[in-house]
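# Secondary and tertiary structure notes
Next come the chains, spelled out residue by residue.
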Amino acid sequence: MSVAPSERWDPERLPSQAGRTAVVTGANAGLGFFTSLQLARAGARVVLACRDEKRAANARAAIRRAVTGAQVDVVRLDTADLSSVREAAGELSRLDRLDVLITNAGAVHPPRGRTVTADGLELVGATNHFGHFALVGGVLDVLERTPGARVVTLGSIATRLVRLDVDDLQLERRYTGWRAYAQSKIMAWSFGLELDRRLRASGRGTRALVAHPGYSITGRTPIVRGVNEPGVGQRFVDNLQASFTQGKDRGAWPTVRAAIDPAADGGESFGPRYLVKGAPVRETPAGVVRDRATAAAIWAESERATGAPLLPLSPH
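Here the structure is a predicted model, which is why all the values come from computation and not from measurement.

Pairing is mixed across the open sheet formed by 8 strands, whose spatial order is β3-β2-β1-β4-β5-β6-β9-β10. Pairing within the sheet leaves two strands with one partner each, and these edge strands are β3 (72–76) and β10 (280–282). For this sheet, the mean angle separating the axes of adjacent strands, direction not counted, is 20°. Pairing geometry for strand β4 (residues 100–103) and strand β5 (residues 150–154), over 4 bridges, is parallel. Its bridge partner being in β5, Thr103 is matched across the sheet by Thr153.

Encoded structure:
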């Protein structure tokens, strides 16, 4: 298959990110860790925004072992707790610059029964989307102070597998763990695209993009002491799926490309070439996340849920 010049992106040879700052939520393991590691290798200062401070410290140590002179900081952030989001946003807003905010944190193993946070929000939606919605609003000023800043939201191939009920975004009527996860990713992807539209409409310079990792699993991911240490059994089982899976190190490639490719533009989406695996390329996302009426409903519920109005549209 021929590849357009703009798609000739080598994830092993990234453009220098020296002097740039990236914040990655949920960076202590999985996709967030490998995203942070790759950005650090490219020379960026990386801030790991994580709920578990001990695991975040392990991730920071691992990056420093792998990258001589790596600049790595830690900020505590629990996206399921709006008070934690506000505290983290306040700390991040004091950065001199914020070139990239990557909203990676997420609950990938939802509870069997519907669970609500201390703020009264459905847990998976709060962790994967609503907390990030509030975080973006809280750091928008520092993003705008940074020329060329980007927000990269994490989607999922699960967005192609469920139907969204915009009248039940908190899943009060029809909860299942799978629906909670897939719906949260629909909300996140829709938010990323709508965020870019509203940033442009308001005349702001920050741009928003979306990426997804395909089917990236732990057992096919490199072992990193204190961060990723799957057992022999898991590695054996996961490697049986090699034909349609990849490691989380490669799953991070679309996110990194969306974050730093000079040719990438706001409103674009990136994923693996073969949907579940492969080099990072531009792709057309599912229709549900491109629908403007759906985006408006998700945005309205996000503002209601977080109590944080963000980039209201002009009445014109």
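Between helix α5 (residues 177–201) and helix α10 (residues 292–306), the least distance of the axes is 9 Å, while the angle of their chain directions is 100°. When the interaxial angle is binned, α5 and α10 end up roughly perpendicular. Two secondary-structure elements touch here, α5 through Ile186, Met187, Ser190, Phe191, Glu194, Leu195, Arg197 and Arg198 and α10 through Arg292, Ala295, Ile298 and Trp299. Partitioned by chemical class, the residues of the contact of α5 with α10 number 7 nonpolar, 1 polar and 4 charged.

A separate point is unusual backbone geometry. Only a minority of non-glycine residues have a phi that is not negative, and only a minority of peptide bonds are not trans. Even without being a glycine, Leu171 presents a positive backbone phi close to 55°. Along the chain, Leu171 falls in the loop between β5 and α5. Residue Leu171 is classed as buried on the basis of its relative accessible area of 2%. Despite not being glycine, Leu275 has its phi angle at roughly 70°, a positive value. Looking at the secondary structure, you find Leu275 in the loop between β9 (269–272) and β10.

With that settled, consider the packing of aromatic side chains. Aromatic ring pairs are defined here through the distance separating the ring centres and the angle between the ring planes. Evaluation of the coordinates by the stated rule reveals 6 aromatic pairs. Arranged with centres 5.1 Å apart and planes meeting at 85°, the rings of Phe33 and Phe34 form a pair that is edge-to-face. By relative accessible area, Phe33 is classed as buried at 1%. Each ring, one from Phe191 and one from Trp299, has its centre 5.4 Å from the other, and the planes form 45°; the classification is tilted. Of this pair, Phe191 sits in helix α5 while Trp299 sits in helix α10, and the two are 108 residues apart along the sequence. The residues Phe191 and Trp299 share a single accessibility class, namely buried. Members of the aromatic cluster, connected to one another through ring pairs, are Phe133, Phe191 and Trp299.

Calculation criteria
- Residues numbered from 1 in each chain as written.
- Predicted model: local features only at pLDDT ≥ 70, side-chain atom pairs only at ≥ 80, totals over all residues.
- Heavy atoms only, no water.
- Pairing = 2+ DSSP bridges.
- Helix = DSSP H or I, 4+ residues; strand = E, 2+ residues; numbered from the N terminus.
- Axes fitted to C-alpha atoms, helices over the stretch in contact; angles between N-to-C directions.
- Parallel < 35°, antiparallel > 145°, perpendicular 65-115°, else oblique.
- Contact = heavy atoms within 4.5 Å.
- Nonpolar A, V, L, I, M, F, W, Y, C, P; charged D, E, K, R; others polar.
- Buried < 20%, exposed > 50% of the residue type's maximum accessible area, 1.4 Å probe, protein only.
- Phe/Tyr/Trp six-rings, centres within 6.5 Å; stacked < 30°, edge-to-face > 60°.

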